[in-house]
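Chain by chain, the residues:
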Amino acid sequence: MLTDLLGIPPQVLFGQLLLGLINGAFYAVLSLGLAVIFGLLNIVNFSHGALYMLGAFATLALVQFFGIGYWGALVLAPLMVGALGIVIERLLLRRLVGVDHLYGLLLTFGLALVIEGTFVKLFGASGIPYAAPAALSGGVNLGFMFLPWYRAWVVLASVVVCLATWLLFERTKIGAYLRAGTENPKLLQAFGVNVPMLTTLAYGYGVALAAFAGVLAAPITQVNPLMGSNLIIVVFAVVVIGGMGSIIGAIVTGLAMGMIEGLTKVFWPEASATVIFLVMAIVLILRPAGLFGKTA
Amino acid sequence: MSAIIENHELGGQHVSERIEELRIQDLHAFYGESHALHGIDLTVCQGELVTLLGRNGAGRTTTLRAIVGLIGRRTGSIMVKGTEVINTAPHIIAHLGVGYCPEERGIFASLSVEENLMLPPRVAAGGMSVEELYDMFPNLAERRRSQGTRLSGGEQQMLAMARILRTGANILLLDEITEGLAPVIVDKLTEVLIALKARGYTVVLVEQNFRFAAPLADRHFVMDHGKIVATIRQDELAAKQHIFDKYLSV
Ligand SMILES: Nc1ncnc2c1ncn2[C@@H]1O[C@H](COP(=O)(O)OP(=O)(O)OP(=O)(O)O)[C@@H](O)[C@H]1O
Ligand SMILES: [Mg+2]
């Protein structure tokens, strides 16, 4: 076997691949949200990490104040944070239509700093634990590793949400509006489609995806105000590799980059933190529009 | 030919009156600092087919874009079926029954032919059915699963026409629909426009191809430098030939 040849026990290899897949699931959901937003708003949403964090905090708040547990939070937290996203789009981002994209970047980046700064002030920078739901406690011994049920669930839930989003885009009327709106929003609006509303909803949906990832993360990483700012840098690299605004690109690249990271941990652990950026650099040189991006 | 239109839709017996579908007064339009339309006045009645003629850059496309609300800065008055739309958002104007076929055709690459066809929402009752449209444009039926922009130029033009006929819009703004098309396809579009006139559509046609437009149109608006410099009825074509020579010859 290949693994024997390289002197690496299969447990280690498959174990890291699986861990990589779990990270990849987060990359996929987060970069998918960024892709949805980029399509209609033409901005890179630098608030994405902060909104992901808000999803996790909403999960905490729901159980603390309303006794609503994990399964309820899985639905309610994305709705709550998505609603906040709609307010942000209506109140702030809406005003940036027609000005340089740089302003959108600055605004969303500033927003992230404000949100994260406020939460650090309120809750400190240390993590708050959140228990995985009882139904998903324990795990299964796969032979090469012990797989906690909760982690298997994260991969499953992420893949389902990604596929559902892809189907929404490719197979529905709303999806046709979203694709057309990405290409030529003005013409779409001249045909009678309420593009400003479509844009608001797209932002809300992208934000809700970030919050959904935040709920999934709550039982894994401790919930803390800066949990998003570390993760989001990698996710931006994933978006660049996949191609700005490509739905399928975000999903495939997210999962693939997680696994490449896992593989690198096996063969060259020191490089695992940088391998995605290395891939990004190579992709930028060979295919500046990204693997799935349309070359203009 | 007179501009008096027999109106059957309002239910009156033998009502003969002009129903103004489109009335534009003192329309100015701007692209940033540049002033593209300098006070356009024109009226189009129900069932009429009019053309906007003029040299390149005369402001014909800008006029159509101003009507559908795609020019950011516009002043004056644009009444669509009696409703003032000078400050109205494009998606609301469309729902007054305006169908727009842009100069660049605007076929969406990320949509299939059929998705392109089905894209514009219905804005009024009485649009053509998909079957009727596929009868009218058989090429589109054959290629319904193809990517929109994989169609030939002529097919894309047919698609751009077909998709606004589905919506029930009865004011059609058509920008250079014959540009770059083979004569057979131009003949096809002539047939289509004759059929549309028979059905009572109101059409504003921007054209370079005068031979295509002349027999179809009730009136011609000649534009130059962002103004309408002449209005010519069909029965005056011969008498006013010198105007065409002055403003349209290159
Ligand atoms: N996007 C734009 N930005 C700035 N100026 C524009 C823009 N589009 C058109 N113009 C200017 O507005 C004027 C009118 O242009 P318009 O496109 O309406 O002309 P047209 O009659 O349709 O001619 P044609 O289509 O044959 O070029 C021209 O002087 C043109 O240079
Ligand atoms: Mg033009």
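What you are looking at is a predicted structure, and each value in this text was computed from that prediction instead of being measured.

### Topic: the site of ligand 1
Residues and elements named next belong to chain B.
Right, on to step 1. The immediate surroundings of ligand 1 are formed by 13 residues, with Asn56, Arg60, Thr61, Thr62 and Glu103 found nearest.
Right, on to step 2. Ala58 places a main-chain nitrogen or oxygen 3.2 Å from an oxygen atom of ligand 1.
Right, on to step 3. Interatomic distance of 2.7 Å between a side-chain N/O atom of Arg60 and an oxygen atom of ligand 1.
Right, on to step 4. Isolated, ligand 1 exposes 630 Å² of accessible area, and the fraction of that covered by the protein chains is 59%.
Right, on to step 5. Here the shell around ligand 1 gets three residues from one element, more than from any other, and that element is helix H1 (residues 60-68).

### Quick word on the environment of Met145 of chain A
Right, on to step 1. Following the sequence through the fold, Met145 of chain A ends up in the loop between strand S1 (139-141) and strand S2 (146-148).
Right, on to step 2. Sequence separation between Met145 of chain A and Leu18 of chain A is 127 residues, and the spatial gap between their C-alpha atoms is 9.2 Å.

### Here we look at the UniProt feature "transmembrane region" (unreviewed entry) in chain A
Residues and elements named next belong to chain A.
Right, on to step 1. Under the present numbering, the feature "transmembrane region" (unreviewed entry) in UniProt falls on residues 20-43, 50-68, 74-93, 105-130, 150-169, 190-220, 232-255 and 267-286.
Right, on to step 2. Structurally, residues 105-130 is divided into 73% helix and 0% strand, and its ends, taken at the C-alpha atoms, are 32 Å apart.
Right, on to step 3. Split by type, residues 267-286 is 65% helix and 0% strand. Its first and last C-alpha atoms lie 25 Å apart.

### Focus on the interface of chain A and chain B
By a frequent convention, interface size equals the accessible area lost on bringing the separate parts together.
Right, on to step 1. The partner chain B presents 22 residues to the 18 residues of chain A that form the contact.
Right, on to step 2. Contact between chain A and chain B buries roughly 1,700 Å² in total, counting both sides, with carbon and sulfur atoms accounting for 63%.
Right, on to step 3. Here chain A and chain B share one salt bridge between them.
Right, on to step 4. A salt bridge links Arg179 of chain A to Glu115 of chain B; its shortest N-O distance comes to 2.8 Å.
Right, on to step 5. Inspection of the chain A/chain B interface yields seven residue pairs in polar contact (both at pLDDT 80 or more).
Right, on to step 6. Sort the elements by how many residues they give to the side of chain A that touches chain B and helix H7 (residues 173-183) of chain A lands first, with six residues.
Right, on to step 7. Residues belonging to the side of chain A that touches chain B are distributed by class as follows: nine nonpolar, four polar and five charged.

Scoring rules and cut-offs
- Residues numbered from 1 in each chain as written.
- Chains lettered and ligands numbered in written order.
- Predicted model: local features only at pLDDT ≥ 70, side-chain atom pairs only at ≥ 80, totals over all residues.
- Heavy atoms only, no water.
- Near = heavy atom within 4 Å.
- Polar contact = N/O pair within 3.5 Å; in protein donor to acceptor, adjacent residues only side chain to side chain.
- Areas by Shrake-Rupley, 256 points an atom, 1.4 Å probe, with all protein chains shown as cover.
- Helix = DSSP H or I, 4+ residues; strand = E, 2+ residues; numbered from the N terminus.
- UniProt positions renumbered as here; feature names shortened; annotations may be inferred.
- Contact = heavy atoms within 4.5 Å.
- Buried area = accessible area lost by both parts, 1.4 Å probe.
- Salt bridge = Lys/Arg side-chain N within 4 Å of Asp/Glu carboxyl O.
- Nonpolar A, V, L, I, M, F, W, Y, C, P; charged D, E, K, R; others polar.

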